[in-house]
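Structural characterization, general
If you want the building blocks of each chain, they are given just below.
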Amino acid sequence: MNNVKNLLSFIDRSPTAFHATANLCAELEASGRTRLDEGGAWKLEPGRGYFVTRNTSSVIAFDIPSGEADSFRIIAAHSDSPTFKIKENAELSVRGKYTKLNVERYGGMLFSTWFDRPLSVAGRILVRTEGGMEARLIDVDRDLLVIPNVAIHMNREINDGFKYNAQTDLMPLFGDGEAKGKFRALIAETAGVPEDDLLGCDLYLYPRVTGRVMGREDEYVLSPRLDDLECAYSGLAAFLAAEKPEKGVNMLCVFDNEEVGSGTKQGADSTFLYDVMQRIFIALGKTQEDAYRAAAASFMLSADNAHAVHPNHPEKTDEENCVYMNEGIVIKFNANQRYTTDGVSSALFHKLLKDAGIPCQHFANRSDVLGGGTLGNISGSHVSINTLDIGLAQLAMHSCVETAGSRDVDYMINGMKAFYNARISVGRDGEFGIK
Ligand code: CO
């Protein structure tokens, strides 16, 4: 249960991708890993660990082996979750009596889950400094906003299904008429800077809900942002707990912007991972051929949560290739390779899990359902290595409060640790050594 407690605390302290990244960095730093900057020169020493961020919302950590850096064992997850972003002109007035915040959706959330609950604002601001400007985290951290439902007396048909309009139905109430023109001041005051020094912001809503353990035997966790901070946190815990590698580089990547297609400079569909791998080779004095050989011997786990069978709608999932909470790590398959798992990567991971005594289960969408994509196939277009899509089973994905299995957290951490501790080598194409 200790890992569950730490996971929920991590999520609670991570209302946005910026906060998640900062919290990951703090733990990496506390573990003795050295922070690098993409703008600086890299001197890397065998046997030491490092991490680097991009946009302060994505992070890549890696441990250089004491011996040969002949391969990479990579775990990838994402730092962002569906939410609402506050527009530059942040306020809307209603008859001079109400002030609402003007928001647009970030990613594909379940709208109805955001209603009638206390919300707050967090994100990143750019603050003027003597020599220029700097990014800072901000979290208003109090009950500030609500998106109120329309009373049933004003819409008797709402329970028969309702089509929400993002411009009219989803604007959160910020205050009375007097609140107009006060939002920027509130942000500046929270940051402790003069309003004039507030040069830019990326601000998002988050629900004021702390994660909790529940169910008859405490078998479930109920928390915001389980997709995908559960995998990001598990990846960190495994990375920190893994043995110091003798051969091969252990790497943890947590990318921003998965929920909006990953196509940003810091997303999985960027050169961030490729750039870091290249720079490791340059810093270690390796040749281009060494880099190609290492790529051929590398594996990636792309970790993002999966859909558990729904208690009220078991028919939504395939009858056999379906997964349940607390029954272990989910390996995801898709014939059209929206999930990257294939015979090779699943065989390798099965062997590792079996040897470590960790349960796993198999997921494929119903054949008449398209399903969602994730990081693996996107990242693979930049760094082409053997990849496996995994996750943990959960309910209500993209609700602002999701449900997962409390026993699965240990399974994931231990499974990822077994992956980091594995020694994989390649022979001819199709031949692998696994220790
Ligand atoms: Co996800």
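These numbers come from a predicted model, not from an experiment. (Residues numbered from 1 in each chain as written. Predicted model: local features only at pLDDT ≥ 70, side-chain atom pairs only at ≥ 80, totals over all residues. Heavy atoms only, no water.)

**Examining the sheet that holds strand 3 (residues 58-63)**
How we decide: Strands were regarded as paired on the criterion that DSSP finds at least two bridges between them. Secondary structure elements are taken from DSSP: a helix is a run of H or I of four residues or more, a strand is a run of E of two residues or more, and numbering for both begins at the N terminus. Inter-axis angles, ranging from 0 to 180 degrees, are taken between N-to-C directions of lines fitted to C-alpha atoms, where helices are fitted over the stretch in contact. By the convention used here, residues are in contact when the closest approach between their heavy atoms is within 4.5 Å.
Taken in spatial order, the nine strands line up as 1-2-3-13-4-14-18-16-17 in an open sheet, and their pairing is mixed. Two strands lie at the open edges of the sheet, namely strand 1 (34-36) and strand 17 (360-364), each paired on one side alone. Taken pair by pair, the neighbouring strands of this sheet meet at an average axis angle of 25°, ignoring direction. Taken together, the three bridges between strand 1 and strand 2 (residues 49-54) define a ladder with parallel strand orientation. Pairing of Leu36 across the sheet is with Val52, part of strand 2. The strands touched by helix 4 (residues 226-241) are strand 3, strand 4 (72-78), strand 13 (249-255), strand 14 (299-303) and strand 18 (386-391); relative to strand 4, the strand with the most contacts, the crossing angle is about 150°.

**Examining the domain arrangement of the chain**
In plain terms, the rule: Where a domain begins and ends is set by an automatic assignment or by a domain database. Buried area: the sum, over both parts, of the accessible surface (1.4 Å probe) that disappears when the two are put together. The term polar contact refers here to a pair of N or O atoms within 3.5 Å; inside protein, the definition further demands a hydrogen-donor-capable atom paired with an acceptor-capable atom, and it admits residues adjacent in sequence only when both atoms are side-chain atoms. Gly falls in the polar group here, along with every residue not listed as nonpolar (Ala, Val, Leu, Ile, Met, Phe, Trp, Tyr, Cys, Pro) or charged (Asp, Glu, Lys, Arg).
Segmenting the chain into domains produces domain 1 (2-81 + 224-434) and domain 2 (83-207). Taken together, the 21 residues of domain 1 in the interface contact 19 residues of domain 2. Carbon and sulfur atoms supply 65% of the area that domain 1 and domain 2 bury against each other, a total of about 1,500 Å² over both sides. Across the domain 1-domain 2 interface, the total number found is eight residue pairs in polar contact (both at pLDDT 80 or more). Within the side of domain 1 that touches domain 2, the residues separate by chemical class into nine nonpolar, eight polar and four charged.

**Digging into the side chain of Thr16**
Selection rule: Buried, partly exposed and exposed residues are distinguished by accessible area as a fraction of the type maximum, computed with a 1.4 Å probe on protein chains only: under 20%, between the cut-offs, and over 50%, respectively.
Counting through the fold element by element, Thr16 comes out in the loop between helix 1 (2-12) and helix 2 (17-30). Assessed through its relative accessible area of 6%, Thr16 is described here as buried. Excluding residues that lie within four positions of it along the chain, Thr16 makes contacts with Ala122, Gly123 and Tyr204.

**Here's the deal with helix 7 (residues 343-356)**
Under the convention used in this document: An expected span of 1.5 Å times one less than the residue number is assigned to each helix. Each direction from the helix axis to a C-beta atom contributes to the arc, which is the arc of those directions.
With 14 residues, helix 7 ought to run about 20 Å at 1.5 Å a step, and its terminal C-alpha atoms sit 20 Å apart, in line with that. For helix 7, the set of buried residues is Ser345, Ser346, Leu348, Phe349, Leu352 and Leu353. The buried side chains of helix 7 occupy one side of the element, clustering within an arc of 160° when seen end-on. Facing away from the buried side of helix 7 by over 90 degrees, the exposed positions are Gly343, Lys354 and Asp355. Sitting at the amino-terminal end of helix 7 is Asp342, which places a side-chain oxygen 3.2 Å from the backbone nitrogen of Val344. At the exit of helix 7 stands Gly357, carrying a positive phi of roughly 70°.

**Considering the sheet that holds strand 11 (residues 212-214)**
Reading across from one edge, 11-12-20-19-15 is the order of the five strands in this open sheet, with mixed pairing throughout. The sheet terminates laterally at strand 11 and strand 15 (306-307), the two strands that pair on one side only. Sheet analysis places strand 12 (residues 220-223) next to strand 20 (residues 402-405), joined by four bridges and oriented antiparallel. For Ser223, the partnering residue across the bridge sits in strand 20 and is Glu402. Contacting strand 12, strand 19 (393-395) and strand 20, helix 4 crosses the sheet at an angle of about 35° to strand 20.

**As for the pattern of salt bridges**
Using the following cut-off: What makes a salt bridge here is a side-chain nitrogen of Lys or Arg within 4 Å of a carboxyl oxygen of Asp or Glu, nothing more.
Inspection of every chain in the model, using the stated rule, returns 15 salt bridges. Across the pair Glu29 and Arg35 runs a salt bridge whose closest N-O atoms are separated by 3.8 Å. A residue is classified by how much of its surface remains accessible, and Glu29, at 40% relative accessible area, is partly exposed. The class for Arg35 is partly exposed, based on a relative accessible area of 39%. Of the charged contacts in the structure, one is a salt bridge between Arg136 and Glu134, with a shortest N-O distance of 3.0 Å.

**Some remarks on the coordination of the cobalt ion**
Heads up, the condition is: Only N, O and S atoms count as donors, using a 2.8 Å limit from the metal and a wider 3.2 Å limit for Na, K and Ca, and since water is excluded some coordination spheres may look unfilled. Tetrahedral means four donors with every angle between 85 and 135 degrees, whereas square planar (four donors) and octahedral (six donors) require angles over 155 degrees between opposite donors and between 65 and 115 for all others; sites fitting neither are termed irregular.
Coordination of the cobalt ion by the protein involves His78 (NE2), Asp227 (OD), Asp304 (OD) and Asp304 (OD), with metal-donor separations of 1.9 to 2.6 Å. In this structure, the cobalt ion is coordinated by four donor atoms arranged in irregular fashion, with angles at the metal of 53 to 142°. Counting the intervening residues between successive donors of the cobalt ion yields the motif H-x148-D-x76-D. Here His78, found in strand 4, pairs with Asp304, found in the loop between strand 14 and strand 15; they are 226 residues apart in sequence, far enough to count as distant. The two residues His78 and Asp304 agree in class, both being buried.

**Thoughts on the environment of Arg117**
Within the element layout of this structure, Arg117 appears in the loop between strand 6 (98-106) and strand 7 (119-128). Under the relative-accessibility criterion, Arg117 is labelled partly exposed at 23%. Aside from chain neighbours lying at most four places away, what touches Arg117 is Leu145, Val146, Pro207, Val209, Cys400 and Val401.

**Examining the packing of helix 1 against helix 4**
Inclusion rule: Between 65 and 115 degrees an angle is taken as roughly perpendicular, under 35 as roughly parallel, over 145 as roughly antiparallel, and anywhere else as oblique. Two helices crossing with the near one rotated counterclockwise from the far one by less than a right angle form a left-handed crossing, whereas a clockwise rotation gives a right-handed crossing.
As a packed pair, helix 1 and helix 4 sit with axes 10 Å apart at the nearest point and diverge in direction by 125°. It follows that helix 1 is oblique to helix 4 by the angle criterion. Viewed along their axes, helix 1 and helix 4 form a crossing whose handedness is right-handed. In this structure, helix 1 uses Asn3, Asn6, Leu7, Phe10 and Ile11 to contact helix 4, whose residues at the interface are Leu226, Leu229, Glu230 and Tyr233. Across the contact of helix 1 with helix 4, the residue classes tally to six nonpolar, two polar and one charged.

**Points about the nonpolar core**
Note on soluble globular proteins: their nonpolar side chains tend to be buried together. To keep it simple, the criterion reads: What is meant by a nonpolar core is a set of buried Ala, Val, Leu, Ile, Met, Phe, Trp, Tyr and Cys residues, joined one to another through side-chain atoms within 4.5 Å.
Formed by 49 residues in total, the largest nonpolar core has its most connected members in Leu252, Leu301, Phe349, Ile390, Met416, Phe419 and Tyr420. If one sorts the elements of this core by residue count, helix 4 sits on top with nine residues. Not counting residues within four places of it along the chain, the set of residues in contact with Leu301 comprises Ile74, Ile75, Ala76, Phe349, Leu388, Ile390, Met416 and Phe419. Ile86, Val127, Leu144 and Val209 belong to the second-largest nonpolar core, a separate cluster that totals 33 residues.

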